[in-house]
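# Tertiary structure, described
Now for the letters of each chain:
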Amino acid sequence: MGALAVGLEEAIQYDYLHDRYMQVHYLGERLKAYGVPVQEPVGGHALYIDAKKMLPHIPQSQYPAQLIGVEVFIEGGVRGVEIGTLLADRDPITGEDRIPEMELLRLAIPWRVYSLQHMDYVAATMAIVKKKASMLKS
């Protein structure tokens, strides 16, 4: 309970909130510099890669955000989560995929865990995946 109380108190401090936002913003700027399509504005705890823009040749029915997530994990151990067709699940009556408007890979930044060098590593790893995006197949 004590740790929870400290965490709650810290999470409302301006300096903490500013630093957290700036870390996510920094990663967003690095990704954009590599040409990785990022959903804007970036958030305070996560950012989202636009899989439809990064892999326009992969139809949503073939889960492009999931493909990016797998590739970035294989390339550098970076974990993200698909927020798109796979997450939207299937229609319980027809069994067909529900195709959402957006197809995103979410990169959440845990609280007080990573440095800016880690953000550079994530961005460089995503840049490698971006370079081979046109060759990726589902």
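Use the structure listed above.
Below, the structure is looked at part by part. (Residues numbered from 1 in each chain as written. Predicted model: local features only at pLDDT ≥ 70, side-chain atom pairs only at ≥ 80, totals over all residues. Heavy atoms only, no water.)

Right, let's get into the environment of Gln66. Tracing the chain through its elements places Gln66 in helix 4 (residues 64-76). Sequence separation between Gln66 and Ile83 is 17 residues, and the spatial gap between their C-alpha atoms is 8.4 Å. Sequence-distant contacts of Gln66, defined by excluding residues within four places in its chain, comprise Glu82 and Leu86. (Helix = DSSP H or I, 4+ residues; strand = E, 2+ residues; numbered from the N terminus. Contact = heavy atoms within 4.5 Å.)

Contact geometry of helix 4 with helix 6 (residues 116-131) gives a least axis separation of 9 Å together with a crossing angle of 115°. The crossing of helix 4 and helix 6 is right-handed. When helix 4 is examined against helix 6, the residues Ile68, Glu71, Val72, Glu75 and Gly76 are found in contact with a partner set consisting of Tyr121, Thr125, Met126, Ile128 and Val129. The class makeup of the residues in the contact of helix 4 with helix 6 is six nonpolar, two polar and two charged. (Axes fitted to C-alpha atoms, helices over the stretch in contact; angles between N-to-C directions. Left-handed = near helix turned anticlockwise from the far one by under 90°. Nonpolar A, V, L, I, M, F, W, Y, C, P; charged D, E, K, R; others polar.)

With that settled, consider the nonpolar core. The biggest cluster of nonpolar side chains holds 27 residues, and the ones touching the most others in it are Leu27, Leu31, Leu47, Ile49, Met54, Leu107 and Met126. Only helix 2 (14-33), strand 1 (46-50), helix 3 (51-54), helix 4, strand 3 (104-108) and helix 6 provide two or more residues apiece to this core. Looking at this core, the element that brings in the most residues is helix 6, giving five residues. Aside from chain neighbours lying at most four places away, what touches Leu107 is Leu31, His45, Ala46, Leu47, Ile49, Val78, Arg79, Gly80, Val122 and Met126. (Core = buried A, V, L, I, M, F, W, Y, C linked by side-chain atoms within 4.5 Å. Buried < 20%, exposed > 50% of the residue type's maximum accessible area, 1.4 Å probe, protein only.)

The next subject is the packing of helix 2 against helix 6. Relative to each other, helix 2 and helix 6 sit at 30°, their axes nearing to 9 Å. Classed by the angle they form, the pair helix 2 and helix 6 counts as roughly parallel. In the packing of helix 2 onto helix 6, the handedness of the crossing is right-handed. Within the contact between the two elements, helix 2 uses Gln23, Tyr26, Leu27, Arg30 and Leu31 and helix 6 uses Leu116, Met119, Asp120, Val122, Ala123 and Met126. By residue class, the composition of the contact of helix 2 with helix 6 is eight nonpolar, one polar and two charged. (Parallel < 35°, antiparallel > 145°, perpendicular 65-115°, else oblique.)

Most of strand 1 is tucked away: four of the five residues are buried. When strand 1 meets strand 3, the two strands line up antiparallel, connected through five bridges. Paired with Asp50 across the strands is Leu104, a residue of strand 3. (Pairing = 2+ DSSP bridges.)

On to the pattern of salt bridges. Evaluation of the coordinates by the stated rule reveals six salt bridges. Across the salt bridge formed by Glu29 and Lys32, the nearest N and O atoms sit 2.9 Å from each other. In this pair, Glu29 and Lys32 both sit in helix 2, three residues apart, roughly one turn of the helix. Judged by relative accessible area, which is 29%, Lys32 ranks as partly exposed. A salt bridge links Arg90 to Asp97; its shortest N-O distance comes to 3.2 Å. According to the relative accessible area criterion, Arg90 is partly exposed, its value standing at 46%. The network of salt bridges with common partners includes Glu29, Lys32 and Glu40. (Salt bridge = Lys/Arg side-chain N within 4 Å of Asp/Glu carboxyl O.)

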